[in-house]
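Structural description and commentary
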Amino acid sequence: MALVNLTGIQPTQYTELASDTSPAEGEVVLVPFDRLAEESEAFFQTVGRVGVLVGTETTFSALEPFANKISFVAIDFPAFGDGRGFSLAVRLRKDYGFKGEIRAVGNIIPDQAQFLMRAGFDSVEATEERKTAFETALKRFPSYYQTDAIGLGQRSVAHVRHSAKNDDNTDAADTAKEGQRKAS
Amino acid sequence: MAKKPAGPQMFIANRLDDGRAVFLTANGEWTKVAADAAVGQTDEEVEALAVLAHGAEDANLVVSVTAIAADTEGNNLAPAHMKFAMQAKGPSVRLDLGYQVSPNWEQ
Amino acid sequence: MYAYDTYDHAIVNARVEEFRDQVERRMKGELTEEEFRPLRLMNGLYLQLHAYMLRVAIPYGTLSSNQMRRLAHIARRYDKGYAHFTTRQNVQYNWPKLSETPDILQELADVEMHAIQTSGNCIRNTTTDQFAGAAADEVLDPRPYAELIRQWSTFHPEFSFLPRKFKIAITGADEDRAAVKWHDIGLVVKQSDTGEIGFEVLAGGGMGRTPVIGKVIRDFLPVSDLLSYLEAMLRVYNEQGRRDNKYKARIKILVDAMGADEYARQVEAEWAKIKDQPLDVPEEEVARIKAFFTPPPLPVLDNDVPTVNAFADKNFLFKAWVSNNTGAHKVPGHVHVTISLKPHGGIPGDATDAQMDLVADLADKYSLSEVRVSHEQNLILPHVAKKDLPALWEALDAAGLGSANAGLLTDIIACPGLDYCSLANARSIPLAQKLTERFDDVKRLMDIGPLKIKISGCINSCGHHHAGHIGILGVDRKGEENYQLLLGGSGAEDASKAAILGPGFDEGGIIDAIEKVVAVYLGEREDGEEFLPAYRRLGADVFKEAVYGAR
């Protein structure tokens, strides 16, 4: 598997925790949401950093109580048409202000790259042969009609149309910010 | 895919490039002429045709491969159901279009 | 009309290149059909019975004459010399080659058109009143807001993979000609007492196998909040709409299951969180878009034109055409003209390349180069001086476009049906052809008066049969075409669901049944009473008895 970097963050290196094993002291692990929900205290005491693996059926309200303890999220798409994963990522950014990495795993196709990036995803797990297609798709469109609500700093065509005349500095600042969220 | 119809069967698909309806022949080629289609009478025959048909799908020659009931009663072999019979002919409201004009329509 | 700027051009051109790349990858086998299917659908490319079908958006039904000429050119060069105008202000080509569709999309992009999101589980072409900006009864022109929605919904990062397709309609007149109550979201442009512009918002309408009329979830939404509110509406739907069963995945099922009040509550709660984020466009952008839709500089002319009256006195068909196919314009001395694509015996909504070219020329000559497309599958010249009507009609009539039947029984909506569509269970077009031949008498049609017949060839209801005064649904009964008869539907401001009258018929039987229904109406109607109010007053039983006999 290859990793497609959508936003230029430093991708997290982690161990996907097998169901019957406990994490080593200081390890960076990805844990299925159900297990995290049941054993969360134990995890947060021993490990270094914890990421959670959620399916698209997981609601934001179920995930929110853990948002301050987890440092990255992997959203698993059972089918690429399951758009709930997009809303979940948007809410993590917008409603919670989640700053960690959000990764798309599972059934994703290259042509979704720019949708994922603009919905708040930082990275996609893909097969090696598809990596180039993802990167091409990511750069396909010169601008977008929507302002993102997720802190990426991309503004809608409508805003850009009118900012250049009114405030040159804002436009330049926004362009500079584009594509670079500060993963703190 | 629809459930496998009983009785004699033929395979219909659409060509990948132009989408035209085509029928599977006994030697694994695709024809616009329904009467030239291969008919599977037994489960084994139908299965052998299915292998050929899906092979063409995997080779990106055709899409939407479907096994359909064949009408072998009349003079000419034809799809039994009106929907597939429509595909074998062309739109009933435009008799100037489709294979009903001629098997060599568009050539 | 709206004109693209460099941003719009760049985005649409990028889309063409993206699709060209996707088609190449498909042809090379790098994409499987399963992967390619949603991608081609989001570019309006279906696979039908005989070939691919390309559905091109006509955003809010507005075309320039040059765009119409390009549609004609595409029909000639890449297709079989005709195109089909649909019930959602789109146009369809029935025979394009997959490998040529990127070229077609480029031809469209060059004249500021596209096929973006004309299919797939995403936000579709926003539709509106075909007489927008022209009709005398219009309160506010809905087109600027439709264009705002077009841009906002194009490649939305969050709402491009919805549970199911999503249709928005918007109107700005008291008479609803856009069937807004039958849409996933319906918007009615309103002006508040203080002069503020906004919308009444409806949600959860839809046809298909479960017809539902949309419910009002907000009485007044200021225009400055339109996009953030739509964002909230779509988010609640995207998260909670059913994905386990495609027949239960439309928003109408969600709104029905949770209740319109609860849906509205959740939308308001979500909206409260996002309304102050920069989701809505700046005021200057609304002004910029509105400027494209300023009323055209038409001279005020006399409403009474003696030469036209004299021509009408000599020519009944012209007189009938003026009476049925023209309507009051905002500017005195002008009308909007409906060009019927329902010649008796013809295919509803089809036009040849030559007819499209002619309409473009006539638009240049008589209608400020503007053409509209209606959800009733007709073409419209929105700004015609009354004095030009005789010359216009003669030119149209010579090309088979002079039918005087707009709004009458033979102005039938029909889906492509089993003649083309891979989803259909029965044919629709031949039924429309035989019905229009049976009622081929303009005097009789005018005596019957406004009567909307709508035919669908399957339960997906592309032919809007649920909203027909008389609706017909084609079904497959043991391999034979069978037609159900429904009465009492409406797609207008008084929206109602048509009800099945009784057992279905074969093709001949349904035509006879409609004759009987019309006969009951003619016998029972009160002075000046139209079909739909008469049906509502009389109830179904008297019609049932006439059609099926006493039981």
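Reading the values: rules and limits
Residues numbered from 1 in each chain as written. Chains lettered and ligands numbered in written order. Predicted model: local features only at pLDDT ≥ 70, side-chain atom pairs only at ≥ 80, totals over all residues. Core = buried A, V, L, I, M, F, W, Y, C linked by C-beta atoms within 7 Å. Buried ≥ 20, exposed ≤ 12 C-beta atoms within 10 Å, placed from the backbone. Contact = placed C-beta atoms within 7 Å. Helix = DSSP H or I, 4+ residues; strand = E, 2+ residues; numbered from the N terminus. Arc of directions from axis to C-beta. Nonpolar A, V, L, I, M, F, W, Y, C, P; charged D, E, K, R; others polar. Pairing = 2+ DSSP bridges. Axes fitted to C-alpha atoms, helices over the stretch in contact; angles between N-to-C directions.

**Looking at the nonpolar core**
Val124 of chain A, Phe11 of chain B together with Met233 and Val359 of chain C are the most contacted members of the largest nonpolar core, which has 251 residues in total. Residue contacts for Val359 of chain C: discarding those within four places in its chain leaves Met68, Ile339, Val371 and Leu379 of chain C.

**Some points on helix α18 (residues 541-548) of chain C**
Residues and elements named next belong to chain C. Taken together, the buried positions of α18 are Phe543, Ala546 and Val547. The buried residues of α18 occupy one face: seen down the axis, they fall within an arc of 95 degrees. Lining the buried residues of α18 we find β19 (480-487) and α16 (507-524). Positive backbone phi, approximately 80 degrees, marks Gly549, located one or two places after α18.

**Focus: the interface of chain A and chain C**
Taken residue by residue, the interface counts 30 residues in chain A and 33 residues in chain C. When residues of the side of chain A that touches chain C are traced back to their parent elements, those giving at least two are α3 (84-96), α4 (113-119) and α6 (157-166) of chain A. Its residues placed into classes, the side of chain A that touches chain C shows twelve nonpolar, nine polar and nine charged.

**Brief notes about the interface of chain B and chain C**
Across the contact, 21 residues belong to chain B and 19 residues belong to chain C. When residues of the side of chain B that touches chain C are traced back to their parent elements, those giving at least two are β4 (62-71) and α2 (82-89) of chain B. Ranked by the residues each element gives to the side of chain B that touches chain C, the list is headed by α2 of chain B, at four residues. Of the residues in the side of chain B that touches chain C, the class split is eight nonpolar, nine polar and four charged.

**Overview of the sheet that holds strand β1 (residues 2-5) of chain A**
Residue and element names in this part refer to chain A. Read from one edge of the open sheet, seven strands run β1-β7-β6-β5-β4-β3-β2, paired in mixed fashion. With one partner strand each, in any of the chains shown, β1 and β2 (15-16) form the two edges of the open sheet. Bridge analysis of strand β4 (residues 49-55) against strand β5 (residues 72-77) gives five bridges, and the strand direction is parallel. Bridge assignment links Val52 to a residue of β5, and that residue is Val73. On the sheet, α3 packs against β5 and β6 (101-106) and is oriented at approximately 165 degrees with respect to β5.

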